[in-house]
Amino acid sequence: MTQQMSTRAVVDDLLQRIATGDPAKIAELYADQVDWKLGWPEGEHGTTAVPWIRHRSTRAHVEDHYRTLGDYHVPSKANVDIAAILVDGSDAAIIGELGQTLQTTGVPYRAAFALYLRVSDGLITKQHILEDSLAVKRAFETAP
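Criteria and cut-off values
Residues numbered from 1 in each chain as written. Predicted model: local features only at pLDDT ≥ 70, side-chain atom pairs only at ≥ 80, totals over all residues. Heavy atoms only, no water. Helix = DSSP H or I, 4+ residues; strand = E, 2+ residues; numbered from the N terminus. Buried < 20%, exposed > 50% of the residue type's maximum accessible area, 1.4 Å probe, protein only. Contact = heavy atoms within 4.5 Å. Areas by Shrake-Rupley, 256 points an atom, 1.4 Å probe, with all protein chains shown as cover. Salt bridge = Lys/Arg side-chain N within 4 Å of Asp/Glu carboxyl O. Phe/Tyr/Trp six-rings, centres within 6.5 Å; stacked < 30°, edge-to-face > 60°. Core = buried A, V, L, I, M, F, W, Y, C linked by side-chain atoms within 4.5 Å. 1 Å grid on protein atoms, 1.4 Å probe; cavity = no way out; pocket = protein on both sides within 12 Å on 5 of 7 lines; lining within 4 Å. Points joined across faces, edges and corners; volume = space filled by probe spheres on them. Nonpolar A, V, L, I, M, F, W, Y, C, P; charged D, E, K, R; others polar.

Draft legend 1. Spatial organisation of the overall build of the protein chain. When its secondary structure is counted, the protein chain shows four helices and six strands. Counting across all 144 residues of the protein chain, residues that qualify as buried make up 39%. Restricting the contact set of the protein chain to residue pairs at least 6 apart, pairs at least 24 apart contribute 55%. Working note: accessible area of the protein chain is about 7,500 Å², and carbon and sulfur atoms make up 54% of it.

Here it is as structure tokens:
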């Protein structure tokens, strides 16, 4: 299997696991150490009302990220529209739009995103995500 086919298989597996919502199963696809960044203003990491916004560096952190996402959203109202998946060797990009509804406010939101991944030996070693952070933040700040 070529690196590109292997990378695509990991991306497809990741998307399937995210759809099932099991944080431990999702985290199994990540290396023990991972370069994980979220495209939010640096000064707002860890201080914002959005609890999952912070950089991560381990598989356990990844599991916590997906668990926290699950804790704050209504799973039955989540959806993702994938516009493109691009693969070049060990690198992949997923471009799309996600829809979520916050449990805390009941407010739905949609956010465009671009997810950049690097895969090595069948595991994700790098994940950087750019998303419409303003849409997410506004959903948290909107009264029910």
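Still more to cover.
Draft legend 2. The pattern of salt bridges, seen in detail. Enumeration according to the criterion identifies 11 salt bridges in this entry. The salt bridge partner of Lys-25 is Glu-28, with a shortest N-O separation of 3.5 Å. Through salt bridges that share partners, Asp-13, Arg-17, Lys-25 and Glu-28 make up one connected network.

Draft legend 3. Expanded view of the packing of aromatic side chains. In the structure shown here, the tally under the stated rule is two aromatic pairs. Look at Tyr-30 and Trp-36: their rings are 5.9 Å apart centre to centre, the planes differ by 50°, and that puts the pair in the tilted class. Taken individually, Tyr-30 and Trp-36 each receive the classification buried, so the pair is uniform in this respect. Where Trp-36 meets Tyr-66, the ring centres are 6.2 Å apart and the plane angle is 85°; that geometry is what we call edge-to-face. Highlighted residues: Trp-36 in strand 1 (residues 30–38) and Tyr-66 in helix 3 (residues 59–72), separated in sequence by 30 residues. Tyr-66 shares its class with Trp-36; the two are buried. Taken together, Tyr-30, Trp-36 and Tyr-66 form an aromatic cluster joined through their ring pairs.

Draft legend 4. Region of interest: the side chain of Gln-127. Looking at the secondary structure, you find Gln-127 in strand 6 (residues 123–131). Look at Gln-127 and you get buried, because its relative accessible area is 3%. Apart from the residues lying within four places of it in its own chain, the contact partners of Gln-127 are Tyr-30, Val-34, Asp-35, Trp-36, Lys-37, Tyr-66, Leu-115, Tyr-116 and Leu-117.

Draft legend 5. Summary view of the nonpolar core. Within the largest apolar cluster, 33 residues are counted, with the highest numbers of intra-cluster contacts made by Tyr-30, Trp-52, Tyr-109 and Ile-124. Elements supplying a minimum of two residues to this core: helix 1 (3–20), helix 2 (23–27), strand 1, helix 3, strand 4 (91–101), strand 5 (108–120), strand 6 and helix 4 (133–141). In this structure, Ile-124 is in contact with Val-10, Leu-14, Leu-29, Tyr-30, Ala-31, Val-34, Leu-117, Arg-118 and Val-119, ignoring residues within four places of it in sequence.

Draft legend 6. Geometry of the layout of surface pockets. Looking at the largest pocket, its volume works out to about 820 Å³. Around the largest pocket, the lining comprises 31 residues; the ones closest to its centre are Ile-18, Tyr-66, Leu-69, Val-80 and Gln-100. Of all the secondary structure elements, the ones that give two or more residues to the lining of the largest pocket are helix 1, helix 2, strand 1, helix 3, strand 3 (79–88), strand 4, strand 5 and strand 6. Looking at the lining of the largest pocket residue by residue, the classes come out as 20 nonpolar, eight polar and three charged.

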